[in-house]
There are 2 protein chains.
Amino acid sequence: MPQSGIAELFTNLSKCTTGTITIMNTEEKDIASSSRAKDDMDRIEDKEGFSFHLIKKDASSEARLGKIKTPHGEISTPAFMPVGTQGTVKALLPEMVEDQGAQIVLSNTYHLYLRPGHELIRDLGGLHTFMNWKHPILTDSGGYQIFSLGDLRQIEDEGVTFKSHIDGSRHFISPEICIEIQEALGSDIMMCLDECIPYPSEYDYAKTSLDLTLRWAKRCRDAHTNRSQALFGIIQGGVYEDLRKKSVEEMIAIGFDGYALGGLSVGEPKELMRKITEFATPLLPQDKPRYLMGVGTPEDIIESVAHGIDMFDCVMPTRNARNGMLFTNHGKIAIKNARYRDDNLPLDSTCDCYTCRNYSRAYLRHLFVSKEIVAVILNTIHNVRFYMNLMEKIRDAIQNNSFNTFIKEARK
Amino acid sequence: MPQSGIAELFTNLSKCTTGTITIMNTEEKDIASSSRAKDDMDRIEDKEGFSFHLIKKDASSEARLGKIKTPHGEISTPAFMPVGTQGTVKALLPEMVEDQGAQIVLSNTYHLYLRPGHELIRDLGGLHTFMNWKHPILTDSGGYQIFSLGDLRQIEDEGVTFKSHIDGSRHFISPEICIEIQEALGSDIMMCLDECIPYPSEYDYAKTSLDLTLRWAKRCRDAHTNRSQALFGIIQGGVYEDLRKKSVEEMIAIGFDGYALGGLSVGEPKELMRKITEFATPLLPQDKPRYLMGVGTPEDIIESVAHGIDMFDCVMPTRNARNGMLFTNHGKIAIKNARYRDDNLPLDSTCDCYTCRNYSRAYLRHLFVSKEIVAVILNTIHNVRFYMNLMEKIRDAIQNNSFNTFIKEARK
């Protein structure tokens, strides 16, 4: 498929002359800076720190209904976090993310550390102010991204040295630096630095790696100074149940505000992912939120909720939207398909999103094949709303004691 | 500049599996179709057809304040029309276009005829319904696009044969077909098919071409059946004053709802463009709107208003936004410039747009260098709002008898 249409977006840069110099008054600059940051402080002033309240446990499964409180607002769980890697959920303005029902977004320590830099973001009032998102933010530690670099990184007990995927520059991140970065960003929930091992990994490697992750977790906990920011530990151990059990026990001993299952959804068979989730989740404390990192499909989310997971994140709704793959209650739609050429129906007639209320499949197909940016915006709105609707249905089912029926319907 | 970030948007299409077939109820499909179109009919039911009301003429210049009425609403003139070539203003949802103050958008007959096809759009309720734009639409005839194809087209008295820029397929458009297409689209203002000659063109060619354009204009007028849609004639004649004068006289004799100056802003020196505008505009009837096609920069717009132009269109605000070139009241900004790295000021502290109210230059620079789609959205919002603010200032100045002062300030 030719990419000229969208690639054009950033072309003709050579035509750009340097902007004329705007004379800035230093005082004006400081006022602008402090005023935006102050807005954020005002918002969080009356709010408490981090807490998790377990509202209800499902009778037929491990599914839980809960509420997380953070300095930037509450999150109803089970929750899905749209991914805003570089300080923006791709193709959506913050108000659009909010309008779809998202109560928290995920951003990425590794990416923001490299560009534009955590100190810059701190100096400009923190990540909430910088990206104009007034609700909670979870920052992933960057462990997954750094360990995905392969040969570009070197792990030692002290930390990890790696080369930037942007410009090849060398960097070093330790557990302490990882926390320092996340404290500078000011996220509501920080994640420990961990080693995320690939699938498959030998038992011995998984064991050695887990020990490193546990030592790093302790150092993250010790480095953590800003108590208004929560810190979650990450359970590793590959596909080995005894290692997962050890990981849970030792992480609980260190003590975190929440626990994540890491190292899953990294290429292992789906059955194995579900087996480990089913095994490890019930070992986690009932009174803390449980987060399954990087998961997943609607089906994976439903099954994992049944095993007791409270939080999810995945690029699937946003990335699929950019690729024209749209979720509906009747299955996925590849919008470029010729069968939608003259289809005047909305994407999903049961969907309440802005896209479905205002546009036909024929128009969405036209925009997509014409490589229009608005195609990406409308598709992303729909897919994120689809995920948010799914989470609302899950929460309603647990609330109404009908999760058992809900999951049976979903498995059909 | 590497384009991988944005180019990624439409990659991975190979990963897309074919969507599952959604069983559609034929009746449901028909209802959806007719309901959207009916909404549009309801909106236009109580409104009158096309009219132009000259509110005021400036004492110090040819500048005019006016109001155009169309079946889809009113347009205060002088007006700028954001360009929505393929049935979407690039990177903006219709509500965003509206929020910036736009009262009319321009779309393109040539592009929509080729993709998705005017018959498809007609069958789905017309262009307003298709693109979810509730306000007036002007459709350019496609003359400019077709004649830009160079060797890919062949002009005869009957019409023009050309090859699609999309797939190379052969097409024929005559004045009659051009009107048929625009009537199918249902735009509020249609444009005659004209031959848009390049700069420079010899006198003899300009004269022969003008004669063809005049014959075609007459045929467009005769082919025009839907009286709720206005039809504008296009004045040609290159840079030759006697041809421009002849063009004006003969177009007036045919009689149109408005008159456009075409064949300008096609590469000629700016002074020549202004000279022809200054010469030709006062020859046009006072009681009809005058539209300078494809113009232009803020400076060009101000000068042309002073010569009596009422309507403008240009890709500049939207295209520049995609290239990171942003208009401010203190000059243009190339947002990728390193000097904005830690700049916490808004793009323009005198601007009231969503982007300036919520984001710093530092954030906009971060999004732009990170090739995030939201960069394009925020930049486009700002640039379109800048143009709309300019038009509001122009109208206010004419209203308040201060256009003389306004233009002197602008020329500084």
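Residues numbered from 1 in each chain as written. Chains lettered and ligands numbered in written order. Predicted model: local features only at pLDDT ≥ 70, side-chain atom pairs only at ≥ 80, totals over all residues.

Peer 1: Give me the overall build of chain A: which residues, what numbers.
Peer 2: Summing up its helical and strand segments, chain A has 17 helices and 16 strands in all. The buried share of chain A, reckoned over its 412 residues, is 57%. Taking as baseline every contact in chain A between residues at least 6 positions apart, the subset at least 24 positions apart corresponds to 68%. (Helix = DSSP H or I, 4+ residues; strand = E, 2+ residues; numbered from the N terminus. Buried ≥ 20, exposed ≤ 12 C-beta atoms within 10 Å, placed from the backbone. Contact = placed C-beta atoms within 7 Å.)

Peer 1: Describe helix α16 (residues 373–399) of chain B, listing the residues and the values that go with them.
Peer 2: Every α-helix winds through 3.6 residues per turn, so residues three or four apart in the chain are directed the same way. Residues and elements named next belong to chain B. When the terminal C-alpha atoms of α16 are compared, their 39 Å separation across 27 residues agrees well with the 39 Å that a helix rising 1.5 Å per residue should span. With 22 of its 27 residues buried, α16 lies for the most part within the structure. Positive phi shows up at asparagine 401, right after α16, with a value of about 55 degrees. (Expected span 1.5 Å × (residues − 1).)

Peer 1: Give me the sheet that holds strand β9 (residues 170–173) of chain A: which residues, what numbers.
Peer 2: Note: strands within a sheet are paired through backbone hydrogen bonds, in either parallel or antiparallel orientation. Residue and element names in this part refer to chain A. Ordered by their spatial adjacency, three strands build an open sheet running β7-β8-β9, and the pairing between neighbours is antiparallel. Only two strands of the sheet have a single neighbouring strand rather than two, namely β7 (153–155) and β9. Across the sheet, the mean angle from the axis of one strand to that of its neighbour is 15 degrees, orientation sign disregarded. By the bridge criterion, four bridges tie strand β8 (residues 160–163) to β9 in an arrangement that is antiparallel. Bridging across to β9, valine 160 finds its partner in isoleucine 173. (Pairing = 2+ DSSP bridges. Axes fitted to C-alpha atoms, helices over the stretch in contact; angles between N-to-C directions.)

Peer 1: Lay out the pairing of strand β11 (residues 230–235) of chain A in plain terms, naming residues and giving numbers.
Peer 2: Residue and element names in this part refer to chain A. Most of β11 is tucked away, with six of its six residues classed as buried. As paired elements, strand β10 (residues 189–191) and β11 share three bridges and run parallel to each other. When the bridges of β11 are listed, methionine 191 appears paired with phenylalanine 232. For the crossover that starts at β11, traverses helix α10 (residues 241–254) and ends in the parallel strand β12 (residues 258–261), the hand is right-handed. (Right-handed = clockwise from strand over helix to strand, strands pointing away.)

Peer 1: I'd like a description of the nonpolar core, backed by residues and values.
Peer 2: Core analysis: the biggest nonpolar cluster contains 245 residues, and Phe232 of chain A together with Phe232 of chain B have the highest contact counts within it. Dropping the residues within four chain positions of it, phenylalanine 232 of chain B is found in contact with Ile189, Met191, Cys192, Phe256, Asp257, Gly258, Tyr259, Ala260 and Tyr291 of chain B. (Core = buried A, V, L, I, M, F, W, Y, C linked by C-beta atoms within 7 Å.)

Peer 1: Talk me through the domain arrangement of chain A; I want residue IDs and the actual numbers.
Peer 2: Residue and element names in this part refer to chain A. By domain assignment, chain A separates into domain 1 (48–314) and domain 2 (330–412). Placing the centre of domain 1 and that of domain 2 at their C-alpha centroids yields a distance of 27 Å. Taken together, the contact between domain 1 and domain 2 spans 25 residues of the former and 21 residues of the latter. Counting residues per element, the ones that place at least two in the side of domain 1 that touches domain 2 are β4 (79–81), α3 (94–99) and α12 (298–306). The greatest single-element share of the side of domain 1 that touches domain 2, amounting to five residues, is contributed by α12. Broken down by class, the residue content of the side of domain 1 that touches domain 2 amounts to 17 nonpolar, five polar and three charged. (Domains from an automatic or database assignment. Nonpolar A, V, L, I, M, F, W, Y, C, P; charged D, E, K, R; others polar.)

Peer 1: Residues and numbers for the packing of helix α9 (residues 203–223) of chain B against helix α10 (residues 241–254) of chain B, please.
Peer 2: Residues and elements named next belong to chain B. In contact at an axis separation of 10 Å, α9 and α10 are set at 10 degrees when each is read in the N-to-C sense. Between α9 and α10, the angle falls in the class roughly parallel. The two elements α9 and α10 cross, and the hand of that crossing is right-handed. Residues Ala206, Lys207, Leu210, Leu214, Ala217, Lys218 and Arg221 of α9 touch α10, and the partners they reach there are Leu243, Lys246, Ser247, Glu250, Met251 and Ile254. Residue classes in the contact of α9 with α10 are distributed as seven nonpolar, one polar and five charged. (Parallel < 35°, antiparallel > 145°, perpendicular 65-115°, else oblique. Left-handed = near helix turned anticlockwise from the far one by under 90°.)

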